[in-house]
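# Descriptive analysis of the structure
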Amino acid sequence: QLCETVEALQGPETPDRLEAARAAWRALGPFDDPRGRGLGTRFALAVERCEQRHERWQVRNAFRSQLEALVNEAERLVESGDPRAAAHARAALEKRWAQLASSPAGTKWLADERALQRRFVEAGEALTQQEQSMRAERQQRERAARGQLKALCHHLEQLAQADTITPAAADRALGAAADAVAQLRALPAAEREALRQRLTVARQTLAQRVDEHALAEDWKRWANADVQQQLIERAETLLAADDPRQMLKEIGRLEQEWKRFAVAPRRQSQVLWNRFRAARDALRRRGDAYLAENLAKKEALCVAVEQLADSTEWNASAAAIRRMQDEWKQI
């Protein structure tokens, strides 16, 4: 039984179990007969082979443990999701793996070691795929940033050369230019500086044009204030005249003219607008009430003429219908 036990020993518990078997053998005491001497020889040989087998197992286990450690570290690099930061560590792992593969233990791979090898190769492929994806994303960001910056520079240059320019459009463009400076970091250093200089010149040129436009705009605002005052007086005169039909004709024209001259000096603009809006809203209310009155009258005529649908009083009905038609036209 002890011989069979020792002959079957393997794995990490071998030393302890072998020592236990030796102790048990010694405890049996000496015996000197042919069968006993044969078993003694068998036990000694089993112990020797067990020790050799365990030494080989230790070498193999160390080899496998090192492989598994490299695989786990490679898979952690994949999980980190940053192949660029992992490049140096990956190179070191691959070097250590090559050293193990070229070692005496690497001349023959067991099934579980082949599984580790496949995992290591898959981790390397995953890192390569991540790196390719990151490179493609970086190139896409570069293309997008390059296209946006060139389009923005072109837009700024066009605005600066345009015959007319609105402050809102200029402010948006200048704001976009300020925000776009951060996009320069996405470009390769070789082309970054050229675009930076172009963007700077375009911003400065447009800003200078905006300043010149603002000066001219101030003069325009003062002139518009007089026109707005006249429009307010026209609206207030219409209210005083209390002619709803005339109100309906004029209110649209007043609003269109106000839009043409809507820009006034900032200190007067709100006061003038409040006066115009109050008069305009009053005109609208009066016009809406007038239209509502007319609608009610027309609805009443509809009801009245519908009541004549079944009448057989032909002459009276015809006269009533003509009278209602005249009222409809008057409305």
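Higher on the page you've got the structure.
In what follows, the accompanying structure is described. Source: prediction; values computed, not measured. (Residues numbered from 1 in each chain as written. Predicted model: local features only at pLDDT ≥ 70, side-chain atom pairs only at ≥ 80, totals over all residues. Heavy atoms only, no water.)

A few words on the overall build of the protein. Scanning the protein from terminus to terminus reveals ten helices and zero strands. Ordering the α and β elements of the protein from the N terminus gives α-α-α-α-α-α-α-α-α-α. For 331 residues, the compact-globule formula gives about 20 Å, and the C-alpha radius of gyration of the protein, at 49 Å, lies well above that figure. Structurally, the protein occupies a C-alpha span of about 150 × 75 × 30 Å along its principal axes. Buried positions account for 27% of the 331 residues belonging to the protein. Positive and negative side-chain charges of the protein, numbering 54 and 50 respectively, have mean locations separated by a distance of 3 Å. (Helix = DSSP H or I, 4+ residues; strand = E, 2+ residues; numbered from the N terminus. Rg over C-alpha atoms; globule rule 2.2 N^0.38 Å. Buried < 20%, exposed > 50% of the residue type's maximum accessible area, 1.4 Å probe, protein only. Lys, Arg positive; Asp, Glu negative; His and termini not counted. Charge placed at Lys NZ, Arg CZ, Asp CG, Glu CD.)

A separate point is the pattern of salt bridges. Applying the stated criterion across every chain yields a total of 22 salt bridges. Residue arginine 135 pairs with glutamate 131 through a salt bridge whose shortest N-O separation is 3.4 Å. Of this pair, arginine 135 and glutamate 131 both sit in helix H5 (residues 111–161), four residues apart, which is roughly one turn of that helix. By relative accessible area, arginine 135 is classed as partly exposed at 32%. Glutamate 131 gets classed as partly exposed once you look at its relative accessible area, which sits at 34%. (Salt bridge = Lys/Arg side-chain N within 4 Å of Asp/Glu carboxyl O.)

Evaluation of the coordinates by the stated rule reveals eight aromatic pairs. Each ring, one from tryptophan 258 and one from phenylalanine 276, has its centre 4.2 Å from the other, and the planes form 15 degrees; the classification is stacked. Of this pair, tryptophan 258 sits in helix H8 (residues 244–260) while phenylalanine 276 is found in helix H9 (residues 266–306), placing the two residues 18 residues apart along the sequence. Tryptophan 258 sits in the buried class, given a relative accessible area of 7%. Looking at phenylalanine 276, the relative accessible area reads 2%, which means it is buried. The structure contains a cluster of three or more aromatic residues connected by ring pairs, namely Phe63, Trp97, Trp109 and Phe120. (Phe/Tyr/Trp six-rings, centres within 6.5 Å; stacked < 30°, edge-to-face > 60°.)

What follows deals with H8. Residues spaced three or four apart along an α-helix face the same direction, because each turn holds 3.6 residues. For H8, which comprises 17 residues, the first-to-last C-alpha distance of 25 Å matches the rise-based estimate of 24 Å (1.5 Å per residue) to within 8%. Along H8, the helix axis deviates most sharply at glutamate 250, where the bend reaches about 30 degrees. Along H8, the residues that are buried comprise Pro244, Met247, Glu250, Ile251, Leu254 and Trp258. (Expected span 1.5 Å × (residues − 1). Bend = angle between axes of the 7 residues up to and from the residue.)

Core analysis: the biggest nonpolar cluster contains 19 residues, and Leu149, Leu156, Leu199 and Leu206 have the highest contact counts within it. The greatest single-element share of this core, amounting to seven residues, is contributed by H5. Beyond its immediate chain neighbours, meaning those up to four positions away, leucine 156 contacts Ala173, Leu174, Ala177, Leu199, Ala202, Arg203 and Leu206. The next biggest cluster of nonpolar side chains, apart from the first, holds 17 residues, and it includes Val78, Ala86, Trp97 and Leu127. (Core = buried A, V, L, I, M, F, W, Y, C linked by side-chain atoms within 4.5 Å. Contact = heavy atoms within 4.5 Å.)

A separate point is unusual backbone geometry. Excluding glycine, residues mostly have negative phi values, and the peptide bonds linking residues are mostly trans. The backbone phi angle of aspartate 242 is positive, close to 55 degrees, even though this residue is not glycine. Within the fold, aspartate 242 resides in the loop between helix H7 (189–241) and H8. With a relative accessible area of 45%, aspartate 242 lands in the partly exposed category.

With that settled, the discussion passes to the packing of H9 against helix H10 (residues 314–330). Where H9 contacts H10, the axes come no closer than 10 Å and their chain directions differ by 165 degrees. As far as their axial angle goes, H10 and H9 are roughly antiparallel. Where H9 crosses over H10, the handedness of that crossing is left-handed. Between H9 and H10, the residues in contact are Lys298, Leu301, Cys302, Ala304 and Val305 and Ile321, Met324, Glu327 and Trp328, respectively. The residue makeup of the contact of H9 with H10, split by class, is seven nonpolar, no polar and two charged. (Axes fitted to C-alpha atoms, helices over the stretch in contact; angles between N-to-C directions. Parallel < 35°, antiparallel > 145°, perpendicular 65-115°, else oblique. Left-handed = near helix turned anticlockwise from the far one by under 90°. Nonpolar A, V, L, I, M, F, W, Y, C, P; charged D, E, K, R; others polar.)

Turning our eyes to something else, we now look at the environment of asparagine 315. Locating asparagine 315 in the fold gives a position in helix H10. For asparagine 315, a relative accessible area of 68% puts it in the exposed group.

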